[in-house]
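Summary of structural features
Given next are the chains, with one letter for each unit.
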Number of protein chains: 2
Amino acid sequence: MIWSMQETPRSFDELRVGEAYRCGPRRISRADIQDFARLSGDLTALHTDDAYAATTPFGGIVAHGVLNLAVATGLAYELGVFEGTVLAVRSTEARYDRPVFPDDELTLELEVAELEPNPRPGRGRADFHVRLRNQHGKIVLSGRWTLLLRRSTGP
Amino acid sequence: MIWSMQETPRSFDELRVGEAYRCGPRRISRADIQDFARLSGDLTALHTDDAYAATTPFGGIVAHGVLNLAVATGLAYELGVFEGTVLAVRSTEARYDRPVFPDDELTLELEVAELEPNPRPGRGRADFHVRLRNQHGKIVLSGRWTLLLRRSTGP
């Protein structure tokens with residue numbers, strides 16, 4: 001894994017397997033969790049009810065796993081690497097390894113895992129290893145994303 | 001696949017492989033897409049800029065893939081099957097098969113794929129096949145979720 005120092009937009013052809021990017025931190029607020037509950041419709045008590053959440057092994061309200069995934073995609077946008085080059089997000093795999101609590105601060109790590117030119121000209125498929133860490137350096141989310149990216153040149 | 005007619009809370013022990021549930025539709029509004037862009041921080045032009053989105057093969061603004069996944073989790077909550085029985089969402093795999101446009105109406109289908117009692121007493125791992133369809137019956141998201149559920153009885 002080689003940390004990139006240049007976070008300018010990358011076309012498919014400008015990526016290298018093993019190159020990695022880091023972005024963050026972003027703080028998750030209580031309001032973010034409430035907003036996500038309302039927007040998604042997932043009002044599960046662990047995310048919305050302090051009294052109930054206090055009785056669980058988590059000891060209090062935690063962020064929805066998919067909120068953490070959403071925040072990871074926002075950090076990937078902020079990174080700038082995909083600006084103007086991403087054509088579509090094909091798939092996301094995410095394991096929710098540890099709970100995220102209100103006021104936790106999350107940092108994204110992306111590492112180029114696999115690159116495959118697409119049969120359709122002008123585009124390629126890029127797979128990334130994804131890790132989201134909290135302020136203690138612990139992994140809270142790990143997974144893999146597949147993006148469709150523009151090529152800088154013809155096929 | 002056997003469609004369930006009873007959408008009451010299910011413990012791990014009350015699930016059967018092949019049993020399936022359906023919930024929806026939920027309409028995705030333009031405001032939902034804007035709210036998700038703000039909350040996630042993913043301001044990619046395809047989701048936020050009408051003029052740009054009109055120039056893409058999609059022909060207009062589309063919902064973020066992870067917003068569709070979030071809505072799927074909200075529909076799973078609404079279903080009622082997991083109320084009081086879900087302990088944690090362990091992982092989500094999602095393929096974004098087709099674009100979702102503002103005013104599309106989404107319906108969730110969940111099918112029990114695999115059941116594995118957990119070494120820790122009182123809980124079990126349940127895997128579900130997940131499909132989200134639009135108002136034309138086309139699959140827009142497909143994948144697999146792993147949930148940790150309460151058991152009704154001891155280990």
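Residues numbered from 1 in each chain as written. Chains lettered and ligands numbered in written order. Predicted model: local features only at pLDDT ≥ 70, side-chain atom pairs only at ≥ 80, totals over all residues. Heavy atoms only, no water.

Quick look at the environment of A:His129
All names here are of chain A. Here is the rule: Secondary structure elements are defined from DSSP: runs of H or I of at least 4 residues count as helices, runs of E of at least 2 residues count as strands, and each element is numbered from the N terminus. Partly exposed describes any residue whose relative accessible area lies between the buried limit of under 20% and the exposed limit of over 50%, with all areas from a 1.4 Å probe on protein chains only and scaled to the type maximum. Contact definition: two residues touch when any of their heavy atoms are within 4.5 Å.
Note on placement: His129 falls in strand β5 (residues 123-133). On the accessibility criterion, His129 (29% relative accessible area) is partly exposed. Separated by 17 residues in sequence, His129 and Val112 have C-alpha atoms that sit 6.5 Å apart. The residues contacting His129, other than those within four sequence positions of it, are Glu109, Leu110, Glu111, Ala113, Gly143 and Arg144.

A closer look at the side chain of B:Arg26
So the rule is basically this: The definition of a polar contact used here is a pair of N or O atoms within 3.5 Å, where within protein one atom must be able to donate a hydrogen and the other to accept one, and adjacent residues in sequence count solely through side-chain atom pairs.
Mapped onto the elements of the fold, B:Arg26 is located in strand β2 (residues 19-27). Within the structure, the side chain of B:Arg26 is placed 3.3 Å from the backbone oxygen of A:Ser40, a separation counted as a polar contact. With residues near it in sequence (within four places) discarded, B:Arg26 still touches A:Leu39, A:Ser40, A:Gly41, B:Asp32, B:Val71, B:Leu75, B:Asp104, B:Glu105 and B:Leu106.

Quick word on the relation of the copies chain B and chain A
The line we're drawing: The least-squares superposition of copies is restricted to C-alpha atoms, and to residues with a pLDDT of at least 70 in both copies.
Least-squares fitting of chain B to chain A yields an RMSD of 0.0 Å, with the superposition described by an axial translation of 0.0 Å and a rotation of 180°. Taken together, the rotation and translation relating the two chain copies correspond to the operation of a two-fold axis. Residue B:Glu93, judged by its C-alpha, is the member of chain B lying nearest the rotation axis, at 2.1 Å. The fraction of interface residues of chain B whose copies in chain A are also interface residues reaches 100%, indicating that both copies meet through the same surface.

Topic: helix α1 (residues 30-40) of chain A
Residues of α1(A) that are buried: A:Asp32, A:Ile33, A:Phe36, A:Ala37, A:Leu39 and A:Ser40. Residues of α1(A) that are buried sit in contact with β2 (19-27), α2 (45-48) and α4 (65-79) of chain A together with β2, α1 (30-40) and α4 (65-79) of chain B. Note on α1(A): the residue one or two positions beyond its end, A:Gly41, has a positive phi of about 90°.

Quick word on the environment of B:Ile28
Residues and elements named next belong to chain B. Note on placement: Ile28 falls in the loop between β2 and α1. Judged by relative accessible area, Ile28 falls into the buried class, the value being 0%. Considered as a pair, Ile28 and Ala63 are 35 residues apart in the sequence and their alpha carbons are 8.1 Å apart. Residues within four places of Ile28 in sequence aside, it is in contact with Ile33, Ala63, Leu67, Val71, Val100, Phe101, Pro102, Asp103, Asp104 and Leu106.

Section: the interface of chain B and chain A
Interface size is often expressed as the accessible area that is lost when the parts come together. Heads up, the rule is: Here's the idea: put two parts together, see how much 1.4 Å probe accessible area each one loses, and the total over both is what we call buried area. Any carboxyl oxygen of Asp or Glu that lies within 4 Å of a side-chain nitrogen of Lys or Arg is treated as forming a salt bridge with it. Residue polarity is assigned by list, with Asp, Glu, Lys and Arg as charged and Ala, Val, Leu, Ile, Met, Phe, Trp, Tyr, Cys and Pro as nonpolar; anything else, Gly included, falls into the polar class. Two strands qualify as a pair provided DSSP detects at least 2 bridges between them.
Taken residue by residue, the interface counts 34 residues in chain B and 34 residues in chain A. Where chain B abuts chain A, roughly 2700 Å² becomes buried across the two surfaces, and 58% of that area is made up of carbon and sulfur atoms. The partner of A:Arg38 in a salt bridge is B:Asp35, and the shortest N-O contact between them spans 3.5 Å. Summed over the shared surface of chain B and chain A, the result is twelve residue pairs in polar contact (both at pLDDT 80 or more). Listed by contribution, the elements that provide at least two residues to the side of chain B that touches chain A are α1, α4 and β3 (86-96) of chain B. At eleven residues, β3(B) tops the list of elements feeding residues into the side of chain B that touches chain A. Classifying every residue of the side of chain B that touches chain A gives 18 nonpolar, seven polar and nine charged. Across five bridges, the pairing between strand β3 (residues 86-96) of chain A and β3(B) is antiparallel. Directly across from A:Glu93, in β3(B), lies its bridge partner B:Glu93.

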